[in-house]
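One-letter residues, chain by chain:
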Amino acid sequence: MTTQTLHFPTARHLSQLYCGRPENLALVEQRLGAGVTAREEWLKLEGDEAAVARAASFFTFLDEGRSQGLALRQPEFTKLLDGFANGDESTLRRLFAEPLVIATNRRSIVPKTIGQKLYLQAIQANPIVFGIGPAGTGKTYLAMASAISALLKNQVQKIVLARPAVEAGESLGFLPGDLREKILPYLRPLYDAMHDMLDREDVAKLMERGAIEIAPLAYMRGRTLSNCFAILDEAQNTTPEQMMMFLTRLGDESRMVINGDITQTDLPRSKQSGLAQAPRVLAGIRGIEFHHFTASDVVRHPLVQRIIEAYERQQATGP
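It should be emphasised that the depicted structure is a prediction, and the values quoted were computed from it without experimental measurement. (Residues numbered from 1 in each chain as written. Predicted model: local features only at pLDDT ≥ 70, side-chain atom pairs only at ≥ 80, totals over all residues. Heavy atoms only, no water.)

### Overview of unusual backbone geometry
- Backbone geometry places Cys-19, a non-glycine residue, at a positive phi of 60°.
- Structurally, Cys-19 is set in the loop between helix H1 (11-17) and helix H2 (22-32).
- Positive phi values are uncommon outside glycine, yet Glu-40 reaches one of about 50°.
- Relative to the helices and strands, Glu-40 resides in the loop between strand E2 (35-39) and strand E3 (42-47).
- By relative accessible area, Glu-40 is classed as exposed at 60%. (Helix = DSSP H or I, 4+ residues; strand = E, 2+ residues; numbered from the N terminus. Buried < 20%, exposed > 50% of the residue type's maximum accessible area, 1.4 Å probe, protein only.)

### Observations concerning the packing of aromatic side chains
- Within the structure shown, the criterion is met by six aromatic pairs.
- Ring geometry for Phe-130 against Phe-290: centres 4.5 Å apart, planes inclined by 20°, an arrangement best described as stacked. Taken together, the positions of Phe-130 in strand E6 (residues 128-132) and Phe-290 in strand E11 (residues 288-292) put the pair 160 residues apart, joining distant regions of the chain.
- One aromatic cluster is present, built from ring pairs that chain together Phe-58, Phe-59, Phe-61, Phe-77 and Phe-84. (Phe/Tyr/Trp six-rings, centres within 6.5 Å; stacked < 30°, edge-to-face > 60°.)

### Digging into the packing of helix H11 (residues 240-247) against helix H12 (residues 274-282)
- Interhelical geometry of H11 versus H12 gives an angle of 65° and a closest axis separation of 8 Å. Crossing geometry of H11 relative to H12 is assigned as right-handed. Across the interface between the two elements, Pro-240, Met-243 and Leu-247 of H11 pack against Gly-274, Leu-275, Gln-277 and Leu-282 of H12. (Axes fitted to C-alpha atoms, helices over the stretch in contact; angles between N-to-C directions. Left-handed = near helix turned anticlockwise from the far one by under 90°. Contact = heavy atoms within 4.5 Å.)

### Some words on the confidence of the model for the chain
- Confidence in the prediction of the chain, expressed as mean pLDDT, is 86, and 90% of residues score 70 or more.
- In the model of the chain, helix H8 (residues 179-183) stands out as the element of lowest mean pLDDT, 60, in contrast to E6, which has the highest, 97.
- The model gives residues 168-172 a pLDDT under 50, and that stretch makes 13 contacts with residues more than four places away or in other chains. (pLDDT = per-residue confidence, 0-100.)

### Let's talk about empty space enclosed by the protein
- Scanning the entire structure with this criterion turns up one cavity of 30 Å³ or more.
- A volume near 60 Å³ is recorded for the largest cavity.
- In terms of lining residues, the largest cavity is bounded by Gln-68, Leu-70, Phe-96, Leu-100, Pro-111, Thr-113, Ile-114 and Lys-117.
- For the lining of the largest cavity, a count of residues per class yields five nonpolar, two polar and one charged. (1 Å grid on protein atoms, 1.4 Å probe; cavity = no way out; pocket = protein on both sides within 12 Å on 5 of 7 lines; lining within 4 Å. Points joined across faces, edges and corners; volume = space filled by probe spheres on them. Nonpolar A, V, L, I, M, F, W, Y, C, P; charged D, E, K, R; others polar.)

### Describing the sheet that holds strand E9 (residues 228-232)
- The strand order E8-E7-E9-E10-E6-E11 describes an open sheet built from six strands, whose pairing is parallel. Strands with a single pairing partner mark the edges of an open sheet, and in this sheet they are strand E8 (212-216) and E11. The average undirected angle you get between the axes of adjacent strands in this sheet is 15°.
- By the bridge criterion, four bridges tie E9 to strand E10 (residues 255-260) in an arrangement that is parallel. Residue pairing for E10: Leu-232 is matched across the bridge by Ile-258. (Pairing = 2+ DSSP bridges.)

### Some details on the layout of surface pockets
- In this model, the second largest pocket occupies a volume close to 360 Å³.
- Lining the second largest pocket we find 16 residues, and of these Pro-134, Asp-261, Thr-263, Gln-264 and Ile-308 sit closest to its centre.
- Broken down by element, the residue count for the lining of the second largest pocket peaks at six residues, all from helix H13 (residues 302-317).
- The class makeup of the residues in the lining of the second largest pocket is nine nonpolar, five polar and two charged.

### A short note on the nonpolar core
- Core analysis: the largest hydrophobic core is formed by 36 residues, its most contacted members being Tyr-119, Met-144, Leu-161, Met-194, Ile-212, Phe-229 and Ile-231.
- When residues of this core are assigned to their parent elements, the largest contribution, eight residues, is made by helix H7 (residues 139-152).
- Discounting chain neighbours no more than four positions away, the residues touching Leu-161 are Met-144, Leu-187, Leu-190, Met-194, Ile-212, Glu-213, Ile-214, Ala-215 and Ile-231.
- Residues Leu-14, Leu-81, Leu-95 and Ile-114 belong to the second largest nonpolar core, which totals 31 residues. (Core = buried A, V, L, I, M, F, W, Y, C linked by side-chain atoms within 4.5 Å.)

Here's what the structure looks like:
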């Protein structure tokens, strides 16, 4: 029989590691085989030597993730515990081997979920990354952070923001204002993220000299995007033809991030979504990675996660 006690700065700090749910301590006992007792700011582990070592490693790992900005919630806790129980500790530890921080002028952004960290790692490692998943998972925000960071580090010369204007039928001429004013409502999420990371004066200067460009998807045909970080948002509203057109704009020293939620398409029922088709057509091509977010990656109000899960259950069971 082996006993080990882990100490933490405060009781709240310790409670956050198991999401404040005593039943999670019982779950650790069940999955890892060590008795677990939590009191104030310490955690007591009892059992055979191997089980205690495994449980201690698990809680130490959770604390490392917390120190890197991971917002530990029930889905994350369960996922990580399953990984440790299944012998995937070394794989999980590589995930936190190095902190991942995206620096911008106004703030530094760290991933809040494992899914977000894997997404950012994919962006750093691949020329083309698809972020597919529900609203509130940070797809747009993290893509913009990556683009701004690359621009500030002179890794690219410009950022191009695109989004299909499906609601206006891609025909923007009847809308009031110049091109920027016509497309602005469709790019509002990208603008909001951008202004969260850069001063408004800096945004204005970058746009004036063409370092940040907004472009309706329909206006990109025939272009080559070189030394560029291009973001296509709301990509579920592209047709397969539009998706192919956008992807083939990729030029030298460029990156692309394509984001969307295939459950939220505004296309007519008769038209297939280019985002839904892309994983089937492009699977296995080196340099293209598909990252799928789930409801556990939602970082908005906790109710958003429950709403998404409820709709997913409804879709799985049918009307």
